[in-house]
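Tertiary structure, described
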Amino acid sequence: MITVVVPYDQLSRTHGAMANAQPSTHRILMIESSSMLSSRTWHAQRLFLLLSASEHFAVELETEGFTVHRVRASSLRAGIQEFRTAHPGQEIIATQPRSRKLQSVFEELHIDLFVDDSFLTTREQFASWAAGRKSLTQEHFYRWQRNRLGYLMQGSAPLGDVWNLDSENRLPPPKSGYEWPTPPTFESDEIDRRVADRLSNSEYSLWGSPADETWATTRAGALQQLRWFLTNSLAGFGPYEDAMPKETWSAHHSMLSPYLNLGLISPQEVCDAAIERFDQGDVPLASIEGFIRQIIGWREYINGVYWLFPAQYEQNNFLSAHRPLLPLFEDPTATKMACMKSTVSDIEQRGWVHHIPRLMLLSNLALLSGVDPQEFLGWMRRMFIDAADWVMVPNVIGMGLHADDGTMMTKPYIAGGAYIKRMGQFCNDCQYKPALRVGDQACPFTTLYWDFLDRHQSDFAGNHRMVQQFAGLRKLNNLEDVKARAHEVLSGLSDGIV
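What counts as what
- Note on numbering: residues in each chain are counted from 1, in written sequence order.
- Totals for whole chains, interfaces and linings use all residues, but because this is a predicted model, local features are given only for residues with pLDDT of at least 70 and pairs of side-chain atoms are given and counted only at 80 or more.
- Side-chain measures here rest on the full set of heavy atoms in the structure, leaving out hydrogens and waters.
- Burial classes follow relative accessibility: with a 1.4 Å probe on protein chains only, a residue under 20% of its type's maximum area counts as buried, one over 50% as exposed, and anything between as partly exposed.
- The way it works is that DSSP assigns letters per residue, a run of H or I at least four long becomes a helix, a run of E at least two long becomes a strand, and they are numbered from the N terminus.
- Strand pairing requires that DSSP identify at least two bridges connecting the strands.
- Put simply, two rings from Phe, Tyr or Trp (the six-membered ring, in Trp's case) pair if the centres are within 6.5 Å, and we call them stacked under 30 degrees between planes, edge-to-face over 60, tilted for the rest.
- By the criterion applied in these results, polar contacts are pairs of N or O atoms within 3.5 Å in which, for protein atoms, one can donate a hydrogen and the other can accept it, and in which residues neighboring in sequence qualify only through two side-chain atoms.
- Here, residues are in contact when the closest pair of their heavy atoms is within 4.5 Å.
- In this text, buried Ala, Val, Leu, Ile, Met, Phe, Trp, Tyr and Cys residues form a nonpolar core when linked through side-chain atoms within 4.5 Å.
- One fewer than the residue count of a helix, multiplied by 1.5 Å, yields its expected span.
- The seven residues ending at a residue and the seven starting there each receive a fitted axis; the angle between those axes is the bend at that residue.
- Interaxial angle, 0 to 180 degrees, is taken between N-to-C directions of lines fitted to C-alpha atoms, where a helix line uses only the stretch in contact.
- Here, a salt bridge means any side-chain nitrogen of Lys or Arg that lies within 4 Å of a carboxyl oxygen of Asp or Glu.

Another point: the pairing of strand S2 (residues 26–33). Among the eight residues that make up S2, eight are buried, leaving the element largely enclosed by the rest of the structure. Looking at chain direction, strand S1 (residues 2–5) and S2 are connected through four bridges and run parallel. Across the sheet, the residue bridging to Val5 is Leu29, located in S2. Note that S2 and strand S4 (residues 68–73) share six bridges and pair parallel. From the neighbouring strand, Leu29 faces S4, where its bridge partner is His69.

See the structure below:
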């Protein structure tokens, strides 16, 4: 018998080491690592999803006829070693893991690894694309993907003779009268209830609301979510992709990332289903293009750079940011900023917000205030329902906090209160005013934006993409007042009173 090690995030029956596994020739090894579960404070729903989805997968495999060995050990390494001791001579295989730490463990234990073909781009293919390039421009990768995979193409030309319709997908939230779709819920079953009871009675350090019926824990539920999105939200996805409305937490987003990142569904089946829906004729090109770009462009790009960059990449701190994690990230009552209070409350409730609050609120504030990138990375890993090492390391170190000196992105993603006012619906209910950069009512984002540029002039002096921003800085007639207000804001953020 061949033993297949199945981690929490590779719950696919049709990819990698599981693709050709049969009950007559293979057995399954699933290890629960006590050090992983107890070494940090997890969002309750993130830990629930990992445990419940993996147990559902185990039961499905048993129903198919597999023998599933569930091992509780101090670590995954210890669990494999204990299994080997009890079953000497066993051949053990696995799919390429999705974190460098697990990759190291598997290599040290001489586990035979199968290519993780659940991604549309292998690590080798991405490295080949990246070889010899001066910069890893995501748009260039995306166009290469379109040509290679054939999505939304007419021969060698893009459908509609345009590659990227992002300029059409930046509408602010509609002012009133717009009907947002209500996402589905998923009824708990016996396994869900058992896992929830275990967590509620455990000594694990948990944060956030306990599991409800927001997230599915099975492949069937993931497919239900996909069908719901294609029917109810794909058509409206594009225009309001970046909007932050207050009437809905989900807008037109698919909420498929947790299921993709656990292996419950694959990017190919998601893209194929989306194209089939588009072919029905009532989905705008801008919406399908924006969605396909998220999957074959951004998601595949992030996985590629994670494995391309060296292991020490996640320790980068180019801007020498050492401020401890701000209290508001773990307590939404520790801020008076309406946008941050709302966003962290959403994370507390369900472990998720879409990509714009992650980038332009959470990461933006962390970058402007000089939060330690490794502390912020750790928080993102623990709190988001769809977190994975390969997702969070490039997104935080590279894109969000620009801690890599532009290795991934050529300029930092920073913005003041004007952007948040335009794309969100928080400012009317906030005591801070986005147009003000000094005074007690000045928006912290606006103040810190200018202060950040002043503090880091030498760091970005040669960056041609920031010429306009620094030209604006030179025109300020009250920079000293801005710096004084920034000092107050930074102290207040650290004290949880701003």
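Now, onward.
Scanning all chains against the criterion turns up 28 aromatic pairs. Centroid distance Tyr178 to Trp180: 4.6 Å. Interplanar angle 65°. Geometry classified as edge-to-face. Looking at Tyr178, the relative accessible area reads 32%, which means it is partly exposed. Residues Trp215 and Tyr259 carry aromatic rings whose centres are separated by 6.5 Å and whose planes lie at 65° to one another, so their mutual orientation is edge-to-face. Taken together, the residues Trp215 in the loop between strand S9 (206–207) and helix H8 (219–232) and Tyr259 in helix H10 (residues 257–262) connect sequence positions 44 residues apart.

Its location among the elements puts Gln45 in helix H2 (residues 44–64). A polar contact of 2.5 Å, which involves the side chain of Gln45, links it to the backbone oxygen of Gln349. The residues touching Gln45, leaving out its near neighbours within four places in the chain, are Ser209, Pro210, Ala211, Asp212, Trp215, Gln349, Arg350 and Ile385.

This brings us to the nonpolar core. Core analysis: the largest hydrophobic core is formed by 83 residues, its most contacted members being Phe329, Met340, Leu362, Phe376, Trp379, Phe384 and Phe445. For Phe376, the residues in contact, after removing those within four places along its chain, are Leu325, Phe329, Leu362, Ser363, Ala366, Val371, Val396 and Leu401. One finds Tyr142, Ala216, Phe237 and Ile295 within the second-largest nonpolar core, a separate group that totals 61 residues.

Once that is clear, we can look at helix H14 (residues 355–369). Over its 15 residues, H14 extends 20 Å from the first C-alpha to the last, a length consistent with the 21 Å expected when each residue adds 1.5 Å. Roughly 35° is the biggest bend found in H14, and it falls at Ser363. Summarising burial for H14: 14 of the 15 residues are buried, a large majority.

This part takes up the sheet that holds S4. Whether parallel or antiparallel, the strands of a sheet pair through hydrogen bonds between backbone atoms. Ordered in space as S4-S2-S1-S5-S6, the five strands form an open sheet in which the pairing is parallel. A strand with exactly one partner marks an edge of an open sheet, and here the two such strands are S4 and strand S6 (112–114). Recorded for the sheet is a direction-independent mean angle of 30° between the axes of neighbouring strands.

For the rest of this paragraph, the subject is the pattern of salt bridges. Applying the stated rule across the entire model yields 24 salt bridges. One salt bridge in this structure joins Arg77 and Glu108, with 2.6 Å as the shortest N-O distance. Of this pair, Arg77 sits in helix H3 (residues 76–86) while Glu108 sits in helix H4 (residues 100–108), placing them 31 residues apart in sequence. Here Glu108 falls in the partly exposed class, since its relative accessible area comes to 44%. Close ionic contact of Arg277 with Asp282 constitutes a salt bridge, the shortest N to O distance being 2.5 Å. What makes Asp282 partly exposed here is its relative accessible area of 47%. In the salt-bridge network here, residues are joined through shared partners; they are Asp166, Arg170, Glu289 and Arg293.

Positive phi is not limited to glycine here, since His110 has a value of about 55°. Here His110 shows up in the loop between H4 and S6. Positive phi is not limited to glycine here, since Leu152 has a value of about 55°. Tracing the sequence through the fold places Leu152 in the loop between helix H6 (138–149) and strand S7 (153–154).

Bringing helix H20 (residues 479–495) into the picture now. In this model, H20 (17 residues) spans 24 Å end to end at C-alpha, consistent with the 24 Å of a helix rising 1.5 Å per residue. Check the buried side of H20 and you find it contacts H14 and helix H18 (444–455). Of the residues trailing H20, Gly496 is marked for its positive phi of about 75°.

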